[in-house]
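This is what each chain is made of:
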Amino acid sequence: MRKAQQGTSYIAILFGVILFAIFVKAALILWPAYWDDRVVNTQIEELLRDSPLTMKPFEFESKMDQSFNMNNIRDLNIKDITELQNAGGLEVKKKYEVRKPFLLNIDLVLTFEKDFDQRSVQSQAK
């Protein structure tokens, strides 16, 4: 005959708690990088939408530096993460990666890429 069910063992509960802790740690490590990228994208789009088509790349960089300081984004430098071209309107190619230590010698690597075209950003705003 079979004994009555006894439920979950302590080892299974411990294993579940450890997995939950790992997922929470990963979320807490990754969230700030995704948030900063969202803020960077918003600031680039706002600046491109509100600026004239004749804006120079150095003007864009200086205004973005001010915006980064106001929004407390200290880990990123606009000159390091963007490539600027001025062909009938400013084109911004944002590409960078963020590396965060996770466990022991395991790092989490996030890559962010996005292209912005001033003419298309301004046409979407209308």
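Residues numbered from 1 in each chain as written. Predicted model: local features only at pLDDT ≥ 70, side-chain atom pairs only at ≥ 80, totals over all residues. Heavy atoms only, no water.

**Student:** Before we move on, can you summarise a nonpolar patch on the surface with the specific residues and values?
**Tutor:** Taken together, the side chains of Leu14, Phe15, Ile18, Leu19, Ile22, Phe23, Leu103, Leu104 and Ile106 define a hydrophobic patch exposed on the protein surface, amounting to about 930 Å² of accessible area. No other element matches the 6 residues that helix α1 (residues 10–50) contributes to the nonpolar patch. Secondary-structure assignment places Leu104 in the loop between β2 (90–103) and β3 (106–117). (Patch = residues over 30% accessible without salt bridge, like charges linked within 9 Å, V, L, I, M, F, W, Y side chains within 5 Å. Areas by Shrake-Rupley, 256 points an atom, 1.4 Å probe, with all protein chains shown as cover. Salt bridge = Lys/Arg side-chain N within 4 Å of Asp/Glu carboxyl O. Helix = DSSP H or I, 4+ residues; strand = E, 2+ residues; numbered from the N terminus.)

**Student:** Lay out the nonpolar core in plain terms, naming residues and giving numbers.
**Tutor:** Ranked by size, the top nonpolar core spans 23 residues in total, and within it Ile44, Leu48, Phe60, Phe68 and Val92 carry the most contacts. Secondary-structure elements contributing two or more residues to this core are α1, α2 (57–70), α3 (78–81), β2 and β3. No other element matches α1, which puts 6 residues into this core. Not counting residues within four places of it along the chain, the set of residues in contact with Phe60 comprises Ile44, Leu47, Leu48, Met55, Leu84, Leu90 and Val92. (Core = buried A, V, L, I, M, F, W, Y, C linked by side-chain atoms within 4.5 Å. Buried < 20%, exposed > 50% of the residue type's maximum accessible area, 1.4 Å probe, protein only. Contact = heavy atoms within 4.5 Å.)

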